Protein chains: 4
Amino acid sequence: MAGSGFGTIFRITSWGETHGKGVGVVVDGCPAGLELGPEDIQVYLDRRKPGQSRFTTKRKETDTVEILSGVFEGKTTGSPISLVVFNKDQRSRDYSAIMDKYRPGHADYTFDQKYGFRDYRGGGRSSGRETIARVAAGAIAAKALSQMGIELFAYTRSIGPWEIDPSRFDPAERDKNALYMPDSQAAEKAADFLEERMKQLDSSGGVVECRISGLPAGIGEPVFDKLSACLGKAILSIGAVKGFEIGDGFAVARAAGSENNDPFSMKEGRVVKKTNHAGGILGGMSDGSDILFRAAFKPTPSIGRKQASVTRQGQETEMEIKGRHDPVIVPRAVVVVETMAAVTVFDLLLQNMTSRMDRVVDFYKKS
Amino acid sequence: MAGSGFGTIFRITSWGETHGKGVGVVVDGCPAGLELGPEDIQVYLDRRKPGQSRFTTKRKETDTVEILSGVFEGKTTGSPISLVVFNKDQRSRDYSAIMDKYRPGHADYTFDQKYGFRDYRGGGRSSGRETIARVAAGAIAAKALSQMGIELFAYTRSIGPWEIDPSRFDPAERDKNALYMPDSQAAEKAADFLEERMKQLDSSGGVVECRISGLPAGIGEPVFDKLSACLGKAILSIGAVKGFEIGDGFAVARAAGSENNDPFSMKEGRVVKKTNHAGGILGGMSDGSDILFRAAFKPTPSIGRKQASVTRQGQETEMEIKGRHDPVIVPRAVVVVETMAAVTVFDLLLQNMTSRMDRVVDFYKKS
Amino acid sequence: MAGSGFGTIFRITSWGETHGKGVGVVVDGCPAGLELGPEDIQVYLDRRKPGQSRFTTKRKETDTVEILSGVFEGKTTGSPISLVVFNKDQRSRDYSAIMDKYRPGHADYTFDQKYGFRDYRGGGRSSGRETIARVAAGAIAAKALSQMGIELFAYTRSIGPWEIDPSRFDPAERDKNALYMPDSQAAEKAADFLEERMKQLDSSGGVVECRISGLPAGIGEPVFDKLSACLGKAILSIGAVKGFEIGDGFAVARAAGSENNDPFSMKEGRVVKKTNHAGGILGGMSDGSDILFRAAFKPTPSIGRKQASVTRQGQETEMEIKGRHDPVIVPRAVVVVETMAAVTVFDLLLQNMTSRMDRVVDFYKKS
Amino acid sequence: MAGSGFGTIFRITSWGETHGKGVGVVVDGCPAGLELGPEDIQVYLDRRKPGQSRFTTKRKETDTVEILSGVFEGKTTGSPISLVVFNKDQRSRDYSAIMDKYRPGHADYTFDQKYGFRDYRGGGRSSGRETIARVAAGAIAAKALSQMGIELFAYTRSIGPWEIDPSRFDPAERDKNALYMPDSQAAEKAADFLEERMKQLDSSGGVVECRISGLPAGIGEPVFDKLSACLGKAILSIGAVKGFEIGDGFAVARAAGSENNDPFSMKEGRVVKKTNHAGGILGGMSDGSDILFRAAFKPTPSIGRKQASVTRQGQETEMEIKGRHDPVIVPRAVVVVETMAAVTVFDLLLQNMTSRMDRVVDFYKKS
């Protein structure tokens with residue numbers, strides 16, 4: 001199915017290319033009766049909109065979402081919700097510099113290999129604009145989750161060598177700086193670092209971290225559809241992600257069992273864990289603690305420096321990528337990580353409703 | 001669907017618990033005409049069999065596979081292949097020590113939360129024995145892939161602080177030591193380190209690495225079913241995995257674009273990359289280079305030390321886990337990583353056959 | 001997933017309501033390189049357009065399709081194809097007569113039961129306009145199939161008591177009369193019959209038949225995804241269909257095995273069947289003969305006569321459905337049947353490419 | 001996925017061939033806590049067991065089911081339930097008469113075309129023994145449904161020309177005669193008729209009807225996954241089924257809207273329909289009335305008469321099928337229809353739990 005769908009019950013299908021007519025998503029399986037308007041989605045889209053700081057492309061896109069179906073009198077109807085962001089900036093450009101060359105770090109070569117040709121306009125389907133569909137769909141999932149007290153909070157953990165200091169962690173700070181870092185000092189250092197990279201016509205990678213609070217225990221399925229596996233797929237499907245960690249992540253490889261196991265204890269009549277090395281997931285299911293995960297993003301592959309490449313016709317060449325590109329993907333990817341996690345968690349939460357026979361019987365006796 | 005199935009065309013469905021009658025898997029969608037006998041599968045299962053070294057549980061299980069369907073006159077028929085490993089060691093045990101306590105680092109608590117009760121015998125469905133199904137199914141995928149020149153090679157990259165040295169990397173060494181490390185010196189150091197941990201009634205984590213060679217370019221789907229995302233889900237669905245990386249992985253977060261981009265060049269008339277920071281995947285599709293990925297495994301949660309816990313009834317307690325357990329999961333997980341990657345890659349390779357209309361037309365004109 | 005998706009490889013996702021902003025479909029998994037323009041789709045949509053004869057609603061809808069993505073330089077790119085038909089006729093109406101009453105034969109009551117409320121404007125999601133999505137997606141499948149010499153031809157077989165006479169069957173006649181009957185005499189009789197029904201403020205049912213020619217043997221999967229089962233699901237998912245038959249259909253219940261079995265023979269070096277009681281399907285797979293199936297459509301439930309009903313508030317009431325409605329669903333459903341069959345067959349044809357290992361190996365050796 | 005799986009949440013995966021080691025099924029997604037023992041399943045399997053009357057093959061198979069996983073202390077655990085019926089009668093036979101000839105009405109030819117060769121032993125995967133998997137899985141679904149007051153009752157409606165008389169319909173009679181007809185007079189006539197056919201070395205078709213009572217309104221999804229469409233696929237996937245009808249079925253094609261619409265009225269405070277031409281389904285969703293559907297089965301294709309055929313090598317030939325075969329498929333198919341309907345309905349019932357946001361929120365607030 002060419003992989004444009006994600007999810008089982010709450011299922012999203014994305015479409016669109018960067019320089020085509022627009023980008024959209026169909027959300028099937030959203031329960032009926034959720035209050036929903038364009039503004040619920042726009043607030044998420046605005047977090048990934050270009051042109052908001054000196055670190056993002058100057059391309060002007062308002063990225064205004066329209067709801068084409070599935071909402072009636074302000075509430076979801078149970079029918080598929082079709083969302084679209086039409087591209088405003090569709091003037092024809094001169095693509096001759098890139099249409100026949102494979103940009104290093106991009107999907108130009110692999111698209112040509114898979115399909116025999118490609119939409120060379122700005123990356124086509126593999127452009128970052130594809131994430132508009134993810135964010136729009138995830139905004140709905142996030143709103144639904146919040147009605148059950150489940151909140152997601154993603155942020156920039158590091159850019160290049162500059163990492164947030166946990167002792168200065170301030171959620172409110174995240175939305176105050178252009179880099180979405182919840183630590184103003186780290187954000188300043190990172191901004192200076194990026195300025196330097198831009199001068200060098202170069203780019204930087206970074207890490208996004210996400211916390212999910214309020215998730216009840218037991219979400220996720222024990223074998224192939226573990227919560228960790230489904231989150232991993234969701235996040236690794238975002239372009240430029242090369243690594244994914246839950247809880248202590250790669251650090252567990254050097255830990256001892258006695259350090260890494262989280263002891264159980266009781267608190268106000270509930271089972272809790274004294275520590276959270278597991279990142280809130282045991283045996284693939286949520287354990288009632290906060291879910292904590294991280295994703296590593298590679299540096300923006302579009303750089304102004306001269307790079308070696310080849311043409312479609314098989315000749316070695318050199319190329320410089322013109323125009324203004326984001327020197328780092330991470331800040332605008334924060335909301336993509338958060339919303340993809342929302343889609344994943346809400347879908348598994350809905351699937352989990354059928355886990356116990358007594359609850360199924362109760363459900364139908366009541367309704 | 002409770003998450004016991006994996007794959008779209010080549011689809012596997014696993015079943016079984018550690019102390020039940022056995023563990024099995026149904027492989028649907030395997031093309032007809034592949035020569036297959038139990039020995040093709042057994043050789044893979046033997047790589048994860050317990051009781052082979054001082055670092056694995058002494059439990060005696062021969063883990064002999066039977067093919068119950070789908071093979072006729074030595075070849076797959078296109079019908080589902082049902083594989084089973086019956087448990088030999090089924091004597092009843094005394095589970096009173098663990099049936100009412102939640103073992104730290106295990107899925108006991110989350111199973112109870114999800115289902116209302118659990119099969120407390122040795123972990124039930126969340127036991128490592130569940131991976132028998134993965135390995136058996138993956139052995140078939142690996143055999144099919146090898147007919148197209150595609151080979152997978154996984155190995156232990158590190159145990160605790162002891163990592164293989166690339167300059168001493170020797171594939172033939174992998175199967176000569178109990179730790180499946182392709183570097184005899186690192187294996188020796190790691191073995192000493194594990195002996196020490198065992199004396200301390202403790203355990204260690206580690207890293208498995210896997211290389212896939214011979215994969216043509218264009219495998220994987222561009223958006224949600226990227227090769228990286230599908231491999232990530234496959235590997236993160238293995239119990240105890242807490243991190244996953246492709247190519248340079250988390251190191252990309254500190255890299256510059258000019259370092260991380262792999263320049264293209266020509267070699268013997270073919271497009272190649274001069275470096276492989278990308279780990280063989282661009283835009284979610286294979287780029288013709290080797291695929292390289294890593295998985296971080298947490299330390300075995302079953303340790304002999306005294307740990308704080310709680311009972312099902314909500315009382316704080318302490319527990320020591322008796323019996324001999326593997327002090328590290330990694331060596332026996334190597335083949336699990338390799339076979340899950342085989343399942344993933346073969347499924348995406350089959351899906352990819354429909355990517356171009358001219359090839360579809362050709363296929364049906366010929367056949 | 002709320003059931004708005006259909007297919008495995010060639011997968012369509014439909015959205016939209018009758019009196020909302022429009023109706024659309026996302027087609028994922030269409031092979032790249034198929035020449036495609038709006039006109040390829042429009043010609044199919046025009047066959048279901050209202051306002052073309054005295055037997056269809058007078059509502060004016062041009063039903064013009066737009067391609068929003070997935071086509072570049074006149075060819076499909078392998079990316080999802082997003083199609084939309086915006087509703088022109090969106091003026092607000094007075095729905096007070098139906099918003100609180102359950103129309104007999106319609107989905108008003110069941111929608112309210114499932115979702116707690118419904119979009120009462122003209123049936124919302126359960127309107128016949130939903131089939132626009134099916135026809136648009138199926139037009140693409142039909143074009144792809146035709147490139148392999150596979151053709152689908154559906155027509156009205158009967159309306160009320162008036163059935164086509166096989167001896168007068170004339171394919172060219174189908175598109176010449178308003179009822180899509182390939183027999184001008186039957187069409188005339190049926191037209192008179194419908195005029196009578198309309199005078200009585202009543203409606204009629206009928207039967208659509210479809211023939212698929214050129215399909216190679218072996219398409220369909222042997223157990224649950226039989227070609228007959230998948231066609232059956234596709235056709236029974238069209239609103240108003242209450243019966244489905246393959247080949248001799250219900251007549252087989254009275255036949256003897258010696259009559260019903262189709263003997264094999266040789267013709268020009270190929271295996272053929274002397275008869276085709278099976279309708280081209282044996283063991284769930286195409287057998288190389290023409291596929292022949294039928295669907296029974298119920299009479300249009302919207303009739304002008306007074307009917308007994310109840311209100312949402314649970315009070316008995318009566319209602320007359322105002323306005324002009326099609327007195328029979330069948331003529332405009334002909335193209336819906338044909339295109340749903342195209343979607344089904346193309347998807348199974350793509351799935352079938354992986355049935356033999358030697359063909360898979362060949363495919364990758366060549367490419 | 002080669003089509004051996006069925007269902008979304010309650011998902012069954014079948015495997016096995018008639019003359020192989022056995023036939024089995026893995027049931028994933030069954031809620032935990034359902035009391036289940038082999039006897040719950042055996043009682044259904046016994047209804048399709050051969051050797052019980054003069055109208056079934058004499059082959060002796062006890063068809064004893066074993067539960068290999070997913071049940072602990074007498075209750076389902078939420079893990080996959082693996083069921084197997086090992087074949088007892090596995091002695092090697094002489095297949096030379098059929099291995100190179102294509103039996104008319106069978107899948108021999110289509111299997112060879114799809115896969116390049118086939119398991120020629122007794123039909124292999126396309127044998128009626130494949131339905132053991134369906135019945136075993138469906139027994140679990142039926143037990144779960146009965147806990148919510150939902151009951152399924154299938155029976156033989158007709159054999160050849162002999163149909164039950166509604167005025168003599170007696171459910172208790174169904175299990176008293178070899179033909180599973182709930183009308184003793186019709187059963188007698190049909191038995192005589194079958195004796196005659198057997199003397200003529202011939203066979204007969206027939207119709208199975210099924211009623212589902214107690215199903216709440218709103219089950220089924222509005223567009224592609226209509227209850228009627230899903231039931232249709234389930235039933236049309238049973239070998240030998242050539243037609244499927246809901247409610248009045250094909251008779252609606254001749255009905256008027258004023259006859260076919262079921263008027264609503266109130267009864268004891270609940271909305272009811274005065275008639276049930278719709279067979280309990282409106283807009284693809286259950287309407288609270290009984291679901292009623294029918295399936296047409298073709299005559300057993302294995303007949304003793306001489307038939308024209310061809311060899312694998314492409315030579316015309318004749319063949320007589322030796323041995324004792326059931327002269328009619330219908331009686332043993334009754335339980336297959338009933339259980340496939342149970343699987344379908346239970347799966348849709350579980351999917352339906354997520355249809356309303358307020359119920360989702362309630363569910364998680366309580367649990």
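Reading the values: the criteria
Residues numbered from 1 in each chain as written. Chains lettered and ligands numbered in written order. Predicted model: local features only at pLDDT ≥ 70, side-chain atom pairs only at ≥ 80, totals over all residues. Heavy atoms only, no water. Helix = DSSP H or I, 4+ residues; strand = E, 2+ residues; numbered from the N terminus. Rg over C-alpha atoms; globule rule 2.2 N^0.38 Å. Buried < 20%, exposed > 50% of the residue type's maximum accessible area, 1.4 Å probe, protein only. Contact = heavy atoms within 4.5 Å. Areas by Shrake-Rupley, 256 points an atom, 1.4 Å probe, with all protein chains shown as cover. Phe/Tyr/Trp six-rings, centres within 6.5 Å; stacked < 30°, edge-to-face > 60°. Lys NZ or Arg CZ within 6 Å of the ring centre and 35° of its normal. Buried area = accessible area lost by both parts, 1.4 Å probe. Salt bridge = Lys/Arg side-chain N within 4 Å of Asp/Glu carboxyl O. Least-squares fit on C-alpha atoms with pLDDT ≥ 70 in both. Polar contact = N/O pair within 3.5 Å; in protein donor to acceptor, adjacent residues only side chain to side chain. Nonpolar A, V, L, I, M, F, W, Y, C, P; charged D, E, K, R; others polar. Pairing = 2+ DSSP bridges. Core = buried A, V, L, I, M, F, W, Y, C linked by side-chain atoms within 4.5 Å. Axes fitted to C-alpha atoms, helices over the stretch in contact; angles between N-to-C directions.

Caption draft 1: Focus on the overall build of chain A. When helices and strands are tallied, chain A shows 9 helices and 18 strands. In terms of overall dimensions, chain A is globule-like: its C-alpha atoms have a radius of gyration of 22 Å, near the 21 Å expected for 367 residues. By principal-axis analysis of the C-alpha atoms, chain A measures approximately 65 × 50 × 40 Å. Of all 367 residues assigned to chain A, the portion counted as buried reaches 68%. A separation threshold of at least 6 residues defines the contact pool for chain A, and within that pool the share at least 24 residues apart is 68%. Approximately 11700 Å² of chain A is accessible, and the part contributed by carbon and sulfur atoms is 47%.

Caption draft 2: Here's a closer look at the packing of aromatic side chains. Following the criterion strictly, the structure yields 47 aromatic pairs over all chains and no others. Ring centres 5.0 Å apart and planes at 75° place the aromatic pair Tyr155 of chain D and Phe169 of chain D in the edge-to-face group. Of this pair, Tyr155 of chain D sits in strand β8 (residues 151–159) while Phe169 of chain D sits in the loop between β9 (162–163) and α5 (184–199), and the two are 14 residues apart along the sequence. Counting every residue linked through ring pairs, the aromatic cluster contains Tyr102 and Tyr109 of chain A together with Phe264 of chain B. Between Lys75 of chain C and the ring centre of Phe117 of chain A, over which it is positioned, the NZ or CZ distance is 4.8 Å.

Caption draft 3: Just the interface of chain B and chain C, in detail. Counting residues at the interface gives 28 residues for chain B, matched by 28 residues for chain C. Roughly 2600 Å² is buried in total at the junction of chain B and chain C, and carbon and sulfur atoms are behind 73% of that figure. It is Met353, Met357 and Tyr364 of chain B in chain B that bury the most area against chain C; as a group they hold 29% of the surface buried on that side. At the boundary of chain B with chain C, the tally comes to 0 salt bridges.

Caption draft 4: Seen up close, the relation of the copies chain B and chain C. Of the transformation placing chain B onto chain C, the axial shift is 0.0 Å and the rotation is 180°, giving an RMSD of 0.0 Å. Expressed as an axis order, the relation between the two copies is that of a two-fold axis. Across chain B, the smallest distance between a C-alpha and the rotation axis is recorded for Met353 of chain B, namely 3.6 Å. Comparing interface residues between copies, 100% of those in chain B also sit at the interface in chain C, which points to an isologous, same-surface contact.

Caption draft 5: Region of interest: the interface of chain D and chain C. The interface is formed by 107 residues belonging to chain D together with 107 residues belonging to chain C. Counting each side, the surface lost to burial between chain D and chain C is near 8300 Å², with a carbon and sulfur contribution of 62%. When the buried surface of chain D facing chain C is broken down by residue, Lys114, Phe224 and Lys242 of chain D rank first, second and third, together holding 11% of it. Linking chain D with chain C are 4 salt bridges. Between Lys233 of chain D and Asp225 of chain C there is a salt bridge, with the nearest N and O atoms lying 2.7 Å from each other. Where chain D packs against chain C, one counts 47 residue pairs in polar contact (both at pLDDT 80 or more). When residues in the side of chain D that touches chain C are grouped by element, the largest group, 7 residues, is from helix α3 (residues 108–115) of chain D. Tallied by class, the residues present in the side of chain D that touches chain C amount to 45 nonpolar, 38 polar and 24 charged. Pairing of strand β11 (residues 241–246) of chain C with strand β11 (residues 241–246) of chain D involves 3 bridges; the strand directions are antiparallel. Opposite Phe244 of chain C, over in β11 of chain D, you have Phe244 of chain D as the bridge partner.

Caption draft 6: How the structure looks around the nonpolar core. In this structure, Phe293 of chain A, Phe293 of chain B, Phe293 of chain C together with Phe293 of chain D are the most contacted members of the largest nonpolar core, which totals 372 residues. Beyond its immediate sequence surroundings of up to four residues, Phe293 of chain B is in contact with Val208, Glu209, Cys210, Ile212, Leu231, Ile235, Phe244, Glu245, Ile246, Val337 and Ala341 of chain B.

Caption draft 7: Inspection of the sheet that holds strand β2 (residues 11–16) of chain D at higher detail. All names here are of chain D. The strand order β1-β2-β3-β7-β4 describes an open sheet built from 5 strands, whose pairing is antiparallel. Looking along the sheet, the strands with just one partner apiece sit at the ends: β1 (5–6) and β4 (65–67). Seen against the sheet, helix α1 (residues 38–48) touches β4 and β7 (81–86) and runs at an angle of roughly 155° to β4. Packing against the sheet, helix α4 (residues 131–146) makes contact with β2, β3 (22–28) and β7, and its axis sits at approximately 35° to β3.

Caption draft 8: The arrangement of the pairing of strand β13 (residues 270–273) of chain C in detail. All names here are of chain C. As judged from the 4 bridges shared by strand β12 (residues 264–267) and β13, these two strands associate in the antiparallel manner. Paired with Met266 across the bridge in β13 is Val271. The antiparallel pairing of β12 with β13 creates a hairpin that spans 2 residues between the two strands, and Glu268 there sits at a positive phi of about 50°.

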